[in-house]
Each structure stands twice: as structure tokens, then as C-alpha cells.
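Take a look at the letters that make up each chain.
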Amino acid sequence: MTDARQVEIESIAAGGDGVGRSDGLVLFVPRTAPGDLVTVGFKSKGRFARGAVRSIERPSPARVDPPCTHYTGDRCGGCQIQHIEYGVQLAQKQQIVRDAMQRIGKRPVDLPEIEASPKEWGYRTKLTLAIRTVGGKRIAGLHRYDNPAEVFDLRECPITDARVVEAWLEIKQHLDLLPSDDPELRGTVRASEQGCAFVLLGGTTWDRFGEFADAMKSLAAIWWEPIDGRRQLVVDRRTSAEPLASFTQVNPSAAALLKDHVTRAIRSAAPATMVDGYSGTGDVAIEMAKEGVQVTAIELDGDSVEWSRELMPAGSRAIRGRVEDLLMGEMPVDLVLLNPPRTGLDEGVTAILEHAGRKPRRVIYTSCNPATLARDVARMPGYEIERMKSFDMFPQTAHVETVCELVPGTA
């Protein structure tokens with residue numbers, strides 16, 4: 001049985017839902033804004049419920065008209081807060097970070113400073129789409145926020161770089177040339193100075209690969225990662241071996257601000273030795289090594305490690321493997337830099353740092369998930385938070401990047 005209740009939205013939760021309270025019930029309501037008065041339909045489940053807007057009784061002053069036709073017309077789940085004014089988005093992200101650190105991390109912290117993205121739109125240089133067959137026709141698109149099993153056909157994406165969207169529109173004309181033995185393919189297009197690269201995930205055989213490569217001569221490179229197989233470079237038209245299939249920040253202008261902040265934090269600590277865990281292509285590690293710091297960069301992606309090795313000066317090194325497997329062997333060091341995926345740190349990493357005989361003078365942890373950041377900080381009670389600063393790497397979404405600087409506690 002579905003209930004209905006009128007509620008005022010107070011804030012935005014980590015996943016992008018609006019949060020309202022009524023008679024002891026906490027309601028999570030997608031596509032609402034702080035200050036909205038809405039009637040919500042929901043199925044009661046104890047003290048918490050997720051509902052849907054039936055009507056907006058009083059719109060919030062923070063509401064704006066979302067420019068993307070997919071956002072409302074197709075209930076796109078790629079963005080969660082496109083309907084909220086940008087300044088309010090930033091303020092809500094500050095609260096998300098603080099609340100996670102207080103509730104999960106058990107650390108009393110102030111609202112972190114937040115750096116706005118230089119670009120609110122057209123900032124994404126990488127876009128991953130699901131490739132499905134719908135109504136007998138192959139499409140490439142995103143999942144609906146209220147039904148993740150459904151994929152709609154993408155035609156535009158205002159938060160994404162026009163080069164990436166154009167490449168996808170061209171690829172969509174040739175979806176019939178992709179592997180036919182996998183109903184759930186995924187593809188990623190990434191733009192760089194060399195052009196756009198395409199990574200295809202899924203399938204076991206790709207009989208029409210040659211036709212696809214000929215049809216997509218505009219792509220700088222094509223990688224294929226079959227089911228249960230290793231990623232392979234199948235077309236290479238690049239002018240340099242930059243690992244375009246590897247992880248990279250999707251908002252280059254905001255990433256430059258974050259990198260500048262991190263490198264200044266490292267310099268202020270004046271380390272002689274450091275470990276850069278989850279180092280990616282090694283941009284920070286290489287820069288610090290060139291300034292005289294003895295750096296060990298640890299990264300699992302083989303292409304990124306090879307790229308780093310080519311550029312790393314003598315005295316520093318890039319090694320391939322998992323941080324939880326290799327960090328202990330590199331201790332003690334003056335500073336540890338960490339930039340894990342959304343799942344956060346392996347418990348082994350926090351254990352190594354917490355129980356080190358000589359703790360690093362500073363741990364600089366960059367996180368794209370406030371919840372896992374807070375969890376990991378809670379696992380390291382021997383450290384204190386010296387400073388946090390957030391960066392809006394993902395405007396129009398509920399995601400936020402945070403740099404947390406930890407120092408050994410005095411207790």
C-alpha cells in the first residue's frame with residue numbers, strides 16, 4: 001500500500017535525493033530541492049522511506065529549469081541535481097562531506113571549503129554508455145534513475161565535452177558492427193589532445209571489428225576488453241603512447257585546481273621520501289620526483305605504470321601492484337599520498353598506516369566518495385584531520401571530490 005505525505009525538503013543526501021522529515025519518518029525524494037514543499041508518495045518501511053514527488057506545492061527558490069531534455073523526459077540517472085541552482089549545489093556538497101565525516105568518521109569537523117568547477121557544463125572529457133537492444137534495435141545510453149535496469153537512447157549530454165558527444169553519435173551509427181554475443185556491452189569515449197579514444201567492454205568474439213575500425217577512422221585509438229579477457233589495444237592512431245584507456249579525472253580544469261592544491265600541500269610538508277598510492281599516470285609523483293623527492297608510485301594499471309616509468313627521474317620509481325600488497329615494503333616514508341577509487345582504501349592499507357612503527361608525517365587522501373573517506377578515517381584513530389578541502393569535480397551531480405590531510409595524533 002502506498003502512503004502520501006506532504007513534506008518540506010531540508011537538504012540533499014549523498015546520492016542526490018532530497019531529505020524531508022515528517023512525524024519521525026525520514027523521506028528520501030529524488031529530483032527535489034532544499035526548500036521545496038512537496039506531496040510525496042511512498043511505501044512505509046520503518047523510520048526511512050524513498051518516495052516520489054506527486055506534486056510540488058511550493059517550489060524552492062533554489063529550483064532552476066534543467067537544460068537537458070533527457071533529465072526529465074527520460075529520467076536520466078547520470079545527473080541527480082541539475083534542477084538546483086549551482087551555488088546551492090556547492091553548499092549541499094559541503095554539508096554532505098561534513099555530515100559523512102561526523103556520522104561515519106566520528107570526527108567533529110567544520111564545513112570544508114569548496115572550490116567551484118571552472119565549467120558547470122561541457123566539462124566531462126569521458127563518457128561511458130550502456131549498449132543494449134531495445135525493441136529490436138541497438139542503442140547506447142544511460143540508465144533511468146528510478147529504474148536502473150532500463151537504458152534510454154542518448155542523443156545529448158550537456159555536461160559532456162562536445163567532442164565526446166560527437167564521437168558517440170558517430171559510434172551509434174555503427175553499433176551493429178560491435179560483438180553480437182553479449183547483450184550487455186559497455187563503451188567509453190575519452191577526449192584528449194590526440195583526439196577521441198574508444199574502449200569497448202564485453203563480448204567474446206568481434207567478427208566485424210575490421211568494419212568498425214574502418215568506419216571509425218576519426219578515433220585515435222580503440223581498446224577492447226572481452227569477457228574474462230585482458231584489455232587489448234586493437235587500433236592505435238595516437239601520436240604518443242599516452243594511456244588513454246586508463247583512469248583519469250573527467251573534469252580537466254577542476255582537476256588542475258585539485259592537483260595544484262595537492263602539490264602545494266606536499267611541498268609544505270617538505271618530505272624527503274613519499275609513496276604515491278593509486279598513482280594513475282603519475283602526474284603528481286613525477287612532478288615531486290623532479291623536485292628532488294624520492295617517490296615510489298604504486299599503480300595497478302599496467303599502461304599507466306609504463307607511462308610513469310618513462311618519465312620518472314632517477315632515484316624514484318613506478319611499480320605495478322595493489323597498494324595493500326606493496327605499501328608495507330615501502331615504509332617508513334615521510335608522506336603517503338592516496339587517491340583510491342570510489343570504494344575507498346582496502347582495510348589492509350588503513351591497518352598499515354595505523355600500526356606503522358613510524359607513522360608518515362602526513363597522509364594526503366583524495367577521495368571521490370565522502371562515505372568511504374569517512375569510513376577510512378575512522379579506521380585510523382591514530383591520525384588527526386589537519387585540513388579538508390572539497391572540489392566540485394562533477395557539477396550537476398551529487399558527487400564531490402575531497403582532499404583530507406591527516407597527521408599523527410598527539411594523544
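Read on for an overview of the structure. (Residues numbered from 1 in each chain as written. Predicted model: local features only at pLDDT ≥ 70, side-chain atom pairs only at ≥ 80, totals over all residues. Heavy atoms only, no water.)

Some words on the layout of surface pockets
The method is simple in principle: a probe with the dimensions of a water molecule rolls over the atoms, and the space it marks as empty is what remains. Of the pockets and cavities examined, the second largest pocket occupies roughly 380 Å³. What lines the second largest pocket is a set of 15 residues, among which Ala 13, Ala 14, Val 19, Asp 99 and Arg 103 lie closest to the centre. For the lining of the second largest pocket, the secondary structure elements donating two or more residues are β1 (3–12), β2 (18–22), β3 (25–29) and α2 (86–103). Here the lining of the second largest pocket gets 5 residues from one element, more than from any other, and that element is α2. Its residues placed into classes, the lining of the second largest pocket shows 10 nonpolar, 2 polar and 3 charged. (1 Å grid on protein atoms, 1.4 Å probe; cavity = no way out; pocket = protein on both sides within 12 Å on 5 of 7 lines; lining within 4 Å. Points joined across faces, edges and corners; volume = space filled by probe spheres on them. Helix = DSSP H or I, 4+ residues; strand = E, 2+ residues; numbered from the N terminus. Nonpolar A, V, L, I, M, F, W, Y, C, P; charged D, E, K, R; others polar.)

Digging into empty space enclosed by the protein
If you walk through the whole model with that rule in mind, you get 1 cavity of 30 Å³ or more. Along the walls of the largest cavity sit Ile 12, Ile 81, Gln 89, Gln 92, Lys 93, Ile 96 and Ala 398, which together make up its complete lining. The element that contributes the greatest number of residues to the lining of the largest cavity is α2, accounting for 4 residues. Residues belonging to the lining of the largest cavity are distributed by class as follows: 4 nonpolar, 2 polar and 1 charged.

Some remarks on the sheet that holds β1
Ordered in space as β1-β2-β3-β5-β4, the 5 strands form a closed barrel in which the pairing is mixed. Averaged over neighbouring strand pairs, the angle between their axes works out to 50° when direction is ignored. One ladder, built from 5 bridges, connects β2 with β3; its direction is antiparallel. Bridging across to β3, Arg 21 finds its partner in Val 26. (Pairing = 2+ DSSP bridges. Axes fitted to C-alpha atoms, helices over the stretch in contact; angles between N-to-C directions.)

Topic: the sheet that holds strand β18 (residues 362–367)
One open sheet accounts for 8 strands, arranged β6-β19-β20-β18-β17-β14-β15-β16; its pairing is mixed. Single-partner strands in this sheet number two, and they are β6 (113–115) and β16 (317–320). The average angle at which neighbouring strand axes cross in this sheet is 20°, direction not considered. Where strand β17 (residues 335–338) lies against β18, 4 bridges are found, and the strand directions are parallel. Residue pairing for β18: Leu 337 is matched across the bridge by Ile 364. Where helix α8 (residues 323–330) meets the sheet, it contacts β14 (273–277), β15 (294–299) and β16, and its direction lies at approximately 160° from that of β15. In this fold helix α10 (residues 370–378) packs onto β18, β19 (383–391) and β20 (401–408), with an angle of close to 155° to the strand it touches most, β18. (Contact = heavy atoms within 4.5 Å.)

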